[in-house]
Amino acid sequence: MVDLSPATFDARRTIIQADGLRKVYGEGDAAVEALRGVSLSVDEGEFVAIMGPSGSGKSTLLNLLGCLDKPTSGKYLLRGIEVNELDDVELARLRNEQIGFVFQQFNLLPRTSALENVLLPTRYNRKRPHGAYRERAIRLLEDVGLGGRILSHPNQLSGGMQQRVAIARALINDPDILFADEPTGNLDTKSGDEIMAIFKRLNEQGKTIILITHEQYIANQAKRTIHMRDGVIISDTPNHGDDNARDERVEEVQS
Amino acid sequence: MNLLIHIQTALRGIVTNKLRAALTMLGVAIGVGAVIAMISVGSGATSSVTSRIQSLGTNLLTVSPGAAGGLFGGARQAAGTARSLTLEDAEAIKREIPGIAAVSPEAAGNAQVVFKDSNVNTRIYGVTPVYENVHNFHVEFGDFIRDQDLRSLSRVAVLGKQVVADLFGSGESPIGQTIKINNIPFRVVGIMETKGQSGFANLDDMIFVPLSTAQKRIFGDMALSSISIQVASDNQMDTVSSLVTSLLLVRHRISDPNNADFRVMNQAELLSTMSSVSQTFTLFLGGIAAVSLLVGGIGIMNIMLVSVTERTREIGLRKAVGARQSDILWQFLIESLTLSLAGGAIGMLIGVAGAYAMSVVGSWPFVLSPNSVVLAFVFSSLVGVFFGLYPAWRASLLSPIEALRYE
């Protein structure tokens, strides 16, 4: 596959290299092939949007890339590491240190303060004691505009605020890549815009971001758009910075 | 270092959801408490029943007078009315038959008893000092009848608790006071322990006086109403019983045993009843323990399975942000261990307190077997930890995304 993105002409390193990823759910007659051989490469610093109808396999792909699930077959290199060959301990370390994942459902621990939620990944980080991250967690919450709500529990926060806590959590161990599975899917337009503004800023600071969205205007804010259908990539195109043309655009894909 | 983080994570998990933790602990506590209380109540009731049976005396032969008349064609009267037993019979039994520990001749009758302006009609027992041991019925305050009382026909009396209550109320100490039995003054020298109801007789509603005094001063009659024989060992009951029968037949010059003017009652039957009762109770207790362990265990299993399975998504999230399988297992091991042990400790208190309260209400002895407490505690903790860990282990085997999608 030829990557047309301008970024590839820089001396940037490839961070994600997937080759022929297949994922089959179930067995025998009930087997469903969610991914039918996806190959993809992403360089450091890219901002990729994956689009496609429900059942197109985009979430499955993101979960494989984010190391939350294992492919049935195919090869996946993350920073040159063959992920399929890692054991539980090495995978846990990878998820902890290199990957930040933002879910559509936020997935915050209930009855737990925003600060503690942000600190959750550091409990499983064996490099430094848990307490050493406190100041960083507070700064991250301030960065996403929640400096005044660090002790609020999820049920005291709006959806947009909860998603911002989740983003701060994804950033606490300073990972290279952020994955986001429809991060704005449960939010109103204004909250969604705020979330996207954060992602854009993070990308400008050098984070590689791969997100899934249903909505064209969200995808337009990325630098590269991948379309999927029936478990394969049908198009992979760079965007040309026209992310202001939002509402006018007809949504290409409806679910 | 790592363990410290695991403990901190687990405790935070508990503190975060106090209601869930409290309900889980309650489940364990009720399981443990029920087992301990049931076993304790069961063994208390058992020991109460067996001790009551034992207090009747299992190695006791009772000789009582037969029916009066009948021998020469006169009307045969009710059993026990013959005036055939004498003190000499009792002495002969004691002297001539081997294997006897003690012989207690007894003369009983009703009499009017007066103290100041209190007045009761109660049963008077003329007894000898061996009565206490033969009937396993002891004096609690003061003295029982002594040998010298018998020789000197002393007018001394030992009262049952009921008589004390009827005559003296609660204010005065009866010992040293003088009561009148059929208008004869007696000095109170002792008070019997509480014995309770036995068959139709209230064993506390009695007055004991020296046998000789009763015969000569109260009843004016030398006949005995019964002779109680304490046999040295249980397995000699039948031998001693037949020896007593033949001795008394000879002494009373009766050739046909069918015409005997006395009866010898053997309590060997009581003995076999006793052992079958205690066997039944042992089974009963075992059954109670098994059923309550099962019920308690199932309760604990349910609450643990439900509360941990409900957290499958939390486990998925923890794995997604970098928890290893071992991190998850440590957290849930420590959580379920803490809840099981704390719940178990509360359950022990509840169980012991409940068993004690029931023993007071049921007026049986409070029996707490350490084995049952340890068994309940250990079993419940194992069940709690297993069913706290098992769903967590299953969830930790899932990929993070499968666990996160768990409904």
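Up top is the structure these notes are about.
The structure reproduced in this document is the subject of the present report.

Rules behind the numbers
- Residues numbered from 1 in each chain as written.
- Chains lettered and ligands numbered in written order.
- Predicted model: local features only at pLDDT ≥ 70, side-chain atom pairs only at ≥ 80, totals over all residues.
- Heavy atoms only, no water.
- Contact = heavy atoms within 4.5 Å.
- Buried area = accessible area lost by both parts, 1.4 Å probe.
- Salt bridge = Lys/Arg side-chain N within 4 Å of Asp/Glu carboxyl O.
- Polar contact = N/O pair within 3.5 Å; in protein donor to acceptor, adjacent residues only side chain to side chain.
- Helix = DSSP H or I, 4+ residues; strand = E, 2+ residues; numbered from the N terminus.
- Axes fitted to C-alpha atoms, helices over the stretch in contact; angles between N-to-C directions.
- Parallel < 35°, antiparallel > 145°, perpendicular 65-115°, else oblique.
- Left-handed = near helix turned anticlockwise from the far one by under 90°.
- Nonpolar A, V, L, I, M, F, W, Y, C, P; charged D, E, K, R; others polar.
- Core = buried A, V, L, I, M, F, W, Y, C linked by side-chain atoms within 4.5 Å.
- Buried < 20%, exposed > 50% of the residue type's maximum accessible area, 1.4 Å probe, protein only.
- Patch = residues over 30% accessible without salt bridge, like charges linked within 9 Å, V, L, I, M, F, W, Y side chains within 5 Å.
- Areas by Shrake-Rupley, 256 points an atom, 1.4 Å probe, with all protein chains shown as cover.
- Pairing = 2+ DSSP bridges.

What to know about the interface of chain B and chain A
Then step 1. Across the contact, 25 residues belong to chain B and 25 residues belong to chain A.
Then step 2. Of the roughly 2400 Å² buried between chain B and chain A, counting both surfaces, carbon and sulfur atoms make up 54%.
Then step 3. In terms of surface lost to chain A, no three residues of chain B exceed B:L317, B:V321 and B:R324, which account for 24% of the buried area on that side.
Then step 4. If you look at where chain B meets chain A, you find 2 salt bridges.
Then step 5. Here A:D88 and B:K319 are joined by a salt bridge, their closest N and O atoms 3.8 Å apart.
Then step 6. The interface formed by chain B and chain A holds 9 residue pairs in polar contact (both at pLDDT 80 or more) in total.
Then step 7. Counting residues per element, the ones that place at least two in the side of chain B that touches chain A are helix 1 (2–16), helix 10 (312–320), helix 11 (325–362) and helix 13 (400–404) of chain B.

A look at the packing of helix 10 of chain B against helix 11 of chain B
Residue and element names in this part refer to chain B.
Then step 1. Axis separation between helix 10 and helix 11 bottoms out at 10 Å; the angle between their running directions is 140°. Viewed along their axes, helix 10 and helix 11 adopt a mutual orientation that is oblique. In this structure, helix 10 crosses over helix 11, and the sense of that crossing is right-handed. For the pair formed by helix 10 and helix 11, the contact residues are E314, I315, R318 and K319 on the first element and I328, Q331 and F332 on the second.
Then step 2. Grouping the constituent residues of the contact of helix 10 with helix 11 by class yields 3 nonpolar, 1 polar and 3 charged.

Regarding the nonpolar core
Residue and element names in this part refer to chain A.
Then step 1. If you look at the biggest cluster of nonpolar residues, it comprises 46 residues, and the most contacted ones within it are I16, L65, Y76 and F179.
Then step 2. Sequence-distant contacts of L65, that is, excluding residues within four places in its chain, are made with I16, A18, L21, L40, Y76, I99, F179 and I210.
Then step 3. Formed by 39 residues, the second largest nonpolar core is a distinct cluster that contains F106, A137, L140 and I150.

Some remarks on unusual backbone geometry
Then step 1. A positive phi angle, near 50°, is found at A:D230, a position not held by glycine.
Then step 2. Within the secondary structure layout, A:D230 lies in the loop between strand 9 (224–229) and strand 10 (232–238).

Description of a nonpolar patch on the surface
Residue and element names in this part refer to chain B.
Then step 1. A surface patch of nonpolar side chains, amounting to about 330 Å² of accessible area, comprises L3, I7, L11 and W330.
Then step 2. The element best represented in the nonpolar patch is helix 1, accounting for 3 residues.
Then step 3. As for its placement among the helices and strands, L3 is situated in helix 1.

Let's talk about the sheet that holds strand 1 (residues 14–25) of chain A
All names here are of chain A.
Then step 1. Strand order in the open sheet formed by 4 strands is 2-1-4-5, with antiparallel pairing between adjacent strands. In this open sheet, the two strands that pair with only one neighbour each are strand 2 (32–43) and strand 5 (81–82).
Then step 2. The pairing of strand 1 with strand 2 spans 9 bridges and is classified as antiparallel. Within strand 2, the residue paired with K23 across the bridge is L35.

Some words on the pairing of strand 10 of chain A
Residues and elements named next belong to chain A.
Then step 1. Note that strand 9 and strand 10 share 6 bridges and pair antiparallel. When the bridges of strand 10 are listed, R224 appears paired with P238.
Then step 2. If you look at the hairpin formed by strand 9 and strand 10, you'll find 2 residues sitting between the two strands, and D230 has a positive phi there, around 50°.

So, the side chain of B:S104
All names here are of chain B.
Then step 1. Within the fold, S104 resides in strand 2 (residues 100–115).
Then step 2. Reaching out from S104, the side chain makes a polar contact with the side chain of E106 at a distance of 2.8 Å.
Then step 3. Not counting residues within four places of it along the chain, the set of residues in contact with S104 comprises T128, V130, Y131, V134, H135, S226, I227 and S228.

Side note on helix 10 of chain B
All names here are of chain B.
Then step 1. For helix 10, the buried fraction is high: 8 of the 9 residues fall into the buried class.
Then step 2. All of the buried residues along helix 10 are T312, E314, I315, G316, L317, R318, K319 and A320.
Then step 3. One or two residues past the end of helix 10 sits G322, with phi positive at roughly 115°.

A look at the sheet that holds strand 6 (residues 99–102) of chain A
Residue and element names in this part refer to chain A.
Then step 1. On the basis of which strands lie adjacent, the open sheet formed by 6 strands has the order 6-7-8-3-9-10 and mixed pairing. Both outer strands of the open sheet, strand 6 and strand 10, are each paired with one neighbouring strand and no more. Taken pair by pair, the neighbouring strands of this sheet meet at an average axis angle of 15°, ignoring direction.
Then step 2. Sitting on the sheet, helix 6 (residues 189–204) is in contact with strand 3 (47–51), strand 6, strand 7 (177–181) and strand 8 (208–212), with an inclination near 150° to strand 8.

Quick notes on the pairing of strand 7 (residues 184–192) of chain B
One face of the sheet, then the other: side chains in a regular strand alternate in exactly this way.
All names here are of chain B.
Then step 1. Of all 9 residues in strand 7, 7 are buried; the element is thus mostly enclosed.
Then step 2. Sheet topology note: the strand 4 (residues 139–142)/strand 7 ladder contains 3 bridges and is antiparallel. Paired with V139 across the strands is M192, a residue of strand 7.
Then step 3. Of the pairings in the sheet, the one linking strand 5 (residues 156–159) to strand 7 comprises 4 bridges and is parallel in character. Each bridged residue has a counterpart across the sheet, and for V156 the counterpart in strand 7 is R187.

Points about the side chain of B:T309
All names here are of chain B.
Then step 1. Position of T309 among the secondary structure elements: in helix 9 (residues 268–309).
Then step 2. Exposure remark for T309: the relative accessible area of 17% places this residue in the buried category.
Then step 3. Non-local contacts of T309, meaning those with residues more than four positions away in its chain, are made with M304, P391 and Y406.

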